[in-house]
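As a plain string of letters, each chain reads:
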Amino acid sequence: MNIVCIGGGPAGLYFALLMKKQNPAHRIVVIERNRPYDTFGWGVVFSDQTLGNLVKADEPTAKTILQAFNHWDDIDVHFKGQVVTSGGHGFCGIGRKRLLNILQERCEQLGVELVFETEVEDDQEIARQYQADLIIASDGLNSRIRTRYAATYQPDIDTRKCRFVWLGTKKLFPAFTFAFEETEHGWFQAHAYQYDGDTATFIVETPEEVWLKAGLDQMSGDEAISFCEKLFAKYLDGHALMSNASHLRGSASWIKFPRIICQRWVHTNEIDGKRVPVVLMGDAAHTAHFSIGSGTKLALEDAIELSQCFAQCGGENVQAVMERYQELRAIEVLKIQSSARNSMEWFENVSRYTAMQAPQFAYSMLTRSQRISHENLRVRDAAAVRSFEQWIAEQAFAKAGLPVPITKQVIPPMFTPFKVRDVVLKNRIVVSPMAQYSAQDGVAGDYHLVHLGARAMGGAGLVFAEMTCVSADGRITSACPGLYQAEHTAAWKRIVDYVHTHTDAKMAVQLGHAGAKGSTRVAWQGIDQPLESGNWPLISASAQQYLPGVSQMARAADRTDLDRVLNDFVAATRAAEKAGFDWLELHCAHGYFLSSFISPLTNQRTDEYGGSLENRCRYPLEVFAAIRAVWPAAKPISVRISAHDWVEGGITPDDAVRIAHLFKQAGADMIDCSSGQVSKQEKPVFGRMFQTPFSDRIRNEVNIPTIAVGAIFEADHVNSIIAAGRADLCAIARPHLADPAWTLHEAAKLGFSDVQWPAQYVSGKMQLERNLERERQIAAASRGLSPQEIAAKLLEG
């Protein structure tokens, strides 16, 4: 084959040498615009795993690279005068120029033709000139080829919020160093790592609004460097910062990261009667934020994958090679880009986390990408994780007003207590409210007793009953439970009493009104489908059909409806207190009646309940105020919201922060952060813990406790979320359907069982048993003593 790589960066050079090694008969040409030893930037970083991939692909190159690498295991996080160190991470740094030189030398050894100082204006002319069978478009971030064939590649380029500058220094860092400094303008952070015997990369990053307030846009390059030297002086120890971007002037050296995603990576041209694929590779195809050091990794692994596809499929069927490459590589790139996005967004919003103490701030940073979890950190540095778990436990028990119990093991974050008002939960696990469609005329029966009782006995700290409707016409289906008749209250009291008597779990009720999503069949007869007969009238914020052309048309609620529904919520709240529930949640999510007011997709009202977000929240807030007034002051109320409608023009995460602020001001104790189910046009982006970022943002920006929910299915997820301060509780849904004792089983997997819970929050039967045992001990110890002696010993404890 005749192969031309346009762009002599890591992707183009590495693919060239791998293909030449695979078949020396190939003619391979690499065309680069710069001179052989020109490069910009400083060092690049690889993980130990990436190095392993290089060894398998071409051992001679890998050995040469390894000899030039600087290796370290530790990460140091400097924050508020403290240094938190985490070990076992396994990174290698190498100068970008040295890496390119190694790849260039290996290409020349194998017979690859290297053409420098040549600007490619027209890739099709190049294809003709070299009679190319394949063009590799490795022409970088600002790829001219990607732009030319944008209709095929369909690039999505998202220019991000931070400004950053690549600098170098002769100050050597023994660990990968993250330093955070607050100024009068806002927070700056430095990412620093040594990459050879005497030089380190030093990246300075800050949100653009902070950069502008600091006046960096008006500074010369030298002035900006001086600013950074003063800001990070205590880390530089008198060493200067250096720039090698002499081609950039002033503020131009501070760039904004472009996140690039392409739907397709292969375009095909017809050149003189021959079909010639043009394949994107490296930064031309995709970018990954520098905070996880994966840009060069992705470029090299692109080259490895495509060369392997040729080895497996042969050069005769190029179309099959291209399809296989896209199919295999796209998945891996998506994983890295997803992690990189999480990491990038964390650094864009550092100020969100600066109220944390240093240990938790560092943990949040280390786990920001979701590639590193709690147990993964334990594998890397068990001692550090154990120390952090002890710190988390001490913080949690102190906030709950409880002594840390005596245990043989450190208590994992998920098993620390949590106190809201006067209610103390024994752990952070919540059984989510999940519709069971098993009530008779709104009455929760034996099914619910077994269902909820089993999950309470399974170890969860808080057990939610499913959405419980405040009126007969507020039900989703005719099989949904209610709290609008005396027999409903009695039925729930039976279940709550059972849980309180036989377990130390707390019971919660979620009150809701189905609105336009009501009068439907049970799920297994057709989810969201209207009843075949006996439908009841529906109301919503505005007239709507949830399923266009299928659902019953809900009419817009009038003043009489609003007053009636509010009174129904108040009556149900009083009934919940009579039933003995410990916790109440107001359901303002998922397109139900109260949610329909909040979302602009379902609220087109022109009165005081429509228009602005504040107006749209007005009625749900009125309902909240009314139920808070009659619910005991010692018991909490949480509010479930849809933090993202996943539809253009609907509620966004920015809106969710404002919604949470409003409910906090009204007296809400927690925000239960769900999303979607407001419109059938939704396009949610699923993945493990996919809704946790909403909880993270609301908790740390609004400063209100949150419940995280959605694809949380193992203890490692929960421990990571709680320890990082992304939520205070984790609601587990489907895993609890499959396994009522999910909490106990996850504890067993962790090897955790030896906690002696303090008597202050052991309830029901366990409390009684402990009291009786203490009385027996007192009786035994007091035999033969006078009343005065007994009193003295009791006072002594």
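As the structure is a prediction and not an experimental result, all values here were calculated from the model.

A. Seen up close, the environment of N376. Within the fold, N376 resides in helix α14 (residues 374-380). C-alpha of N376 to C-alpha of N101: the two residues are 275 residues apart in sequence and 35 Å apart in space.

B. Expanded view of unusual backbone geometry. In this structure, K80 is a non-glycine residue whose phi angle is positive, near 55 degrees. Examined against the element boundaries, K80 turns out to sit in the loop between β5 (75-79) and β6 (82-86). Taking the relative accessible area as the measure of exposure, K80 reaches 48% and is therefore partly exposed. We note that D528 has phi near 70 degrees; this positive angle belongs to a residue other than glycine. Given a relative accessible area of 14%, D528 falls into the buried group.

C. Looking closely at the packing of helix α24 (residues 715-723) against helix α26 (residues 742-750). Two elements in contact, α24 and α26, have axes separated by 10 Å at closest approach and are oriented at 85 degrees. Classified by the angle their axes make, α24 and α26 are roughly perpendicular. Across from A715, V718 and N719 in α24, the residues of α26 making contact are W742, E746 and L750. Here the contact of α24 with α26 is composed, by residue class, of 4 nonpolar, 1 polar and 1 charged.

D. Expanded view of the packing of aromatic side chains. The tally for this structure, following the rule as stated, stands at 39 aromatic pairs. Centroid distance W72 to Y193: 6.2 Å. Interplanar angle 20 degrees. Geometry classified as stacked. Taken together, the positions of W72 in strand β4 (residues 70-72) and Y193 in strand β12 (residues 187-194) put the pair 121 residues apart, joining distant regions of the chain. Each of the two residues, W72 as well as Y193, counts as buried.

E. A look at the sheet that holds strand β20 (residues 429-431). Strand order in the closed barrel formed by 8 strands is β20-β21-β22-β25-β26-β27-β28-β29, and the pairing between neighbours is parallel. Averaged over all pairs of adjacent strands, the angle between strand axes in this sheet comes to 25 degrees, irrespective of strand direction. Helix-sheet contacts for helix α16 (residues 446-457) involve β20, β21 (462-469) and β22 (506-512), and the interaxial angle to β21 is about 150 degrees. Across the sheet, helix α22 (residues 653-666) lies against β25 (583-588), β26 (637-642) and β27 (670-674), angled at about 160 degrees from β26, the strand it touches most.

F. Fine view of helix α13 (residues 358-366). With 8 of 9 residues buried, α13 lies mostly within the body of the structure. Within α13 the residues assigned to the buried category are A358, Q360, F361, A362, Y363, S364, M365 and L366.

G. Region of the structure containing the sheet that holds strand β16 (residues 266-271). An order of β8-β2-β1-β9-β17-β16 is seen for the 6 strands of this open sheet, with the pairing classed as mixed. Sheet topology places β8 (113-115) and β16 at the edges, where each strand pairs with a single neighbour. Across this sheet, the average inter-strand angle for adjacent strands is 20 degrees, counted without regard to direction. Sitting on the sheet, helix α12 (residues 318-348) is in contact with β9 (134-137), β16 and β17 (274-280), with an inclination near 15 degrees to β17.

H. Layout of helix α15 (residues 382-399). Taking 1.5 Å as the rise per residue, α15 with 18 residues should run 26 Å; its terminal C-alpha atoms sit 26 Å apart, in good agreement. Of all the residues in α15, the buried ones are V385, F388, E389, W391, I392, A393, A396 and F397. Considering only its buried residues, α15 is in contact with α13, α14 and α24. Note on α15: the residue one or two positions beyond its end, G401, has a positive phi of about 70 degrees.

I. Structural view of the nonpolar core. Of all hydrophobic cores here, the largest spans 91 residues; its most connected members are Y619 and I698. Of all hydrophobic cores here, the second largest spans 74 residues; its members include A16, L54, A132 and V333.

J. Expanded view of the pattern of salt bridges. Scanning all chains against the criterion turns up 49 salt bridges. R658 serves as the salt-bridge partner of E614, at 2.9 Å between the closest nitrogen and oxygen. In this pair, E614 sits in helix α20 (residues 613-616) while R658 sits in helix α22, placing the two residues 44 residues apart along the sequence. The class for E614 is partly exposed, based on a relative accessible area of 37%.

K. Looking closely at the packing of helix α11 (residues 295-313) against α12. At a minimum axis separation of 9 Å, α11 and α12 run at an interaxial angle of 150 degrees. Of the possible angle classes, the one that applies to α11 and α12 is roughly antiparallel. Here α11 runs over α12; the crossing is right-handed. Of the residues in α12, those in contact with K297, L298, E301, D302, E305, L306, C309, F310, Q312 and C313 of α11 are V321, M322, R324, Y325, L328, R329, V333 and I336. Taken together, the residues that form the contact of α11 with α12 break down as 11 nonpolar, 1 polar and 6 charged.

About the thresholds
Residues numbered from 1 in each chain as written. Predicted model: local features only at pLDDT ≥ 70, side-chain atom pairs only at ≥ 80, totals over all residues. Heavy atoms only, no water. Helix = DSSP H or I, 4+ residues; strand = E, 2+ residues; numbered from the N terminus. Buried < 20%, exposed > 50% of the residue type's maximum accessible area, 1.4 Å probe, protein only. Axes fitted to C-alpha atoms, helices over the stretch in contact; angles between N-to-C directions. Parallel < 35°, antiparallel > 145°, perpendicular 65-115°, else oblique. Contact = heavy atoms within 4.5 Å. Nonpolar A, V, L, I, M, F, W, Y, C, P; charged D, E, K, R; others polar. Phe/Tyr/Trp six-rings, centres within 6.5 Å; stacked < 30°, edge-to-face > 60°. Pairing = 2+ DSSP bridges. Expected span 1.5 Å × (residues − 1). Core = buried A, V, L, I, M, F, W, Y, C linked by side-chain atoms within 4.5 Å. Salt bridge = Lys/Arg side-chain N within 4 Å of Asp/Glu carboxyl O. Left-handed = near helix turned anticlockwise from the far one by under 90°.

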